[in-house]
Amino acid sequence: MRVDINARWDRLTALRHLPELADGGVELIEQPTPGEQLEVLAELNALLPIPVMADESVHTPHDALEIARRGAADVLAVKTTKCGGLRRSREVVAVARAAGLACHGATSIEGPIGTAASLHFACAEPGIDFGTELFGPLLFSAELLQEPLHYADGRLHLPTGPGLGVELNVDAVQRWTRN
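Residues numbered from 1 in each chain as written. Predicted model: local features only at pLDDT ≥ 70, side-chain atom pairs only at ≥ 80, totals over all residues. Heavy atoms only, no water.

Asker: A description of empty space enclosed by the protein should follow, citing residues and the corresponding values.
Answerer: A probe as big as a water molecule, rolled over the atoms, marks out the empty space that is left. Under the counting rule described, the total for this entry stands at one cavity of 30 Å³ or more. Within this model, the largest cavity holds a volume of roughly 30 Å³. Lining the largest cavity are Val-78, Lys-79, Thr-80, Gly-105, Ala-106, Ser-118, Phe-121, Ala-122, Ile-128 and Leu-134. At three residues, helix H6 (residues 112–124) tops the list of elements feeding residues into the lining of the largest cavity. (1 Å grid on protein atoms, 1.4 Å probe; cavity = no way out; pocket = protein on both sides within 12 Å on 5 of 7 lines; lining within 4 Å. Points joined across faces, edges and corners; volume = space filled by probe spheres on them. Helix = DSSP H or I, 4+ residues; strand = E, 2+ residues; numbered from the N terminus.)

Written out as structure tokens, the structure reads:
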């Protein structure tokens, strides 16, 4: 079990409860405290016997470098939308790899096109070595693709068509477009 606190706890709350979560069998803690508080994240990472994942703390290659310098996390959540696209995400991963940090292909709850792009990135980038969670389209009530992304056996399967491997359903887009 992994726990994502979404940067909502203050230092004292985290110091009190995170060791209990680790003792209870939680295997990873994601971003327990606000993203800008790298010194607190580093303190918690040093305290805990389980990995800490930075998410709200990492947007840029420089952020990845600061996290590595401070020992603030063991894993970085790489969201292609948060990092500014595929190339910037690749730069974040390169810094993490050079520093010996793992990277997780995370989601910002993108639609199917963004998810397909993130999936291609995760499959092509060897530095995404701590799994993925590209479940955004599963939360949408409408399908925007001609053929939905294929989720089976706990995995999102890589589309095989040209480009990103997906084709937009223009009728569905028109139906959901607001003027």
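There's more to say after this.
Asker: Describe the pairing of strand S5 (residues 102–105), with residues and values.
Answerer: When a strand is regular, its side chains alternate between the sheet's two faces. Here S5 shows no split at all, with Ala-102 and His-104 on one side and Cys-103 and Gly-105 on the other all buried. Pairing analysis gives four bridges linking strand S4 (residues 75–78) to S5, with the strands arranged parallel. Opposite Ala-77, over in S5, you have His-104 as the bridge partner. Pairing between S5 and strand S6 (residues 128–132): two bridges, direction parallel. Bridged to Cys-103 within S6 is Ile-128. With respect to chirality, the unit in which S5 leads through H6 into the neighbouring parallel S6 is right-handed. (Buried < 20%, exposed > 50% of the residue type's maximum accessible area, 1.4 Å probe, protein only. Pairing = 2+ DSSP bridges. Right-handed = clockwise from strand over helix to strand, strands pointing away.)

Asker: Please give an account of the state of the cysteines that cites residues and values.
Answerer: By definition, a disulfide links two cysteine residues through a covalent bond between their sulfur atoms. All told, the structure shown has zero disulfides when counted by the stated rule. The closest cysteine sulfur to the non-disulfide-bonded Cys-83 is located on Cys-103, 9.0 Å from its own sulfur. A relative accessible area of 3% means that Cys-83 is categorised as buried. (Disulfide = S-S within 2.5 Å.)

Asker: Give a description of a nonpolar patch on the surface that names residues and reports values.
Answerer: There is a patch of nonpolar side chains on the surface, built from Ile-109, Phe-135, Leu-138, Leu-139 and Phe-140 and spanning about 470 Å² of accessible area. Tracing the chain through its elements places Leu-139 in the loop between S6 and strand S7 (150–152). (Patch = residues over 30% accessible without salt bridge, like charges linked within 9 Å, V, L, I, M, F, W, Y side chains within 5 Å. Areas by Shrake-Rupley, 256 points an atom, 1.4 Å probe, with all protein chains shown as cover. Salt bridge = Lys/Arg side-chain N within 4 Å of Asp/Glu carboxyl O.)

Asker: Give me the pattern of salt bridges: which residues, what numbers.
Answerer: Counting across every chain of the model gives eight salt bridges. With a shortest N-O distance of 2.8 Å, Glu-43 and Arg-11 are connected by a salt bridge. Of this pair, Glu-43 sits in helix H2 (residues 38–47) while Arg-11 sits in helix H1 (residues 11–23); the two residues are 32 residues apart in sequence, bridging distant segments of the chain. Owing to a relative accessible area of 30%, Glu-43 belongs among the partly exposed residues under this scheme. Judged by its relative accessible area of 35%, Arg-11 is partly exposed. The partner of Glu-91 in a salt bridge is Arg-88, and the shortest N-O contact between them spans 3.9 Å. With Glu-91 and Arg-88 both in helix H5 (residues 86–99) and three residues apart, the pair spans about one turn of that helix. Judged by its relative accessible area of 32%, Glu-91 falls in the partly exposed class. In this structure, a network of salt bridges that share partners links the residues Asp-55, Lys-79 and Lys-82.

Asker: A description of the sheet that holds strand S3 (residues 52–54) should follow, citing residues and the corresponding values.
Answerer: Strand order in the open sheet formed by six strands is S1-S2-S3-S4-S5-S6, and the pairing between neighbours is parallel. The open sheet has two free edges, formed respectively by strand S1 (2–4) and S6, since each of these has just one partner strand. With direction set aside, neighbouring strand axes in the sheet form an average angle of 30°. Lying over the sheet, H5 contacts S4, S5 and S6, oriented at roughly 175° with respect to S4. (Axes fitted to C-alpha atoms, helices over the stretch in contact; angles between N-to-C directions. Contact = heavy atoms within 4.5 Å.)

Asker: Could you give an account of the pairing of S4, naming the residues involved and the relevant values?
Answerer: Neither face of S4 is exposed, since Val-75 and Ala-77 on one face and Leu-76 and Val-78 on the opposite face are all buried. Bridge analysis of S3 against S4 gives two bridges, and the strand direction is parallel. Within the sheet, the bridge partner assigned to Ala-54 lies in S4 and is Leu-76.

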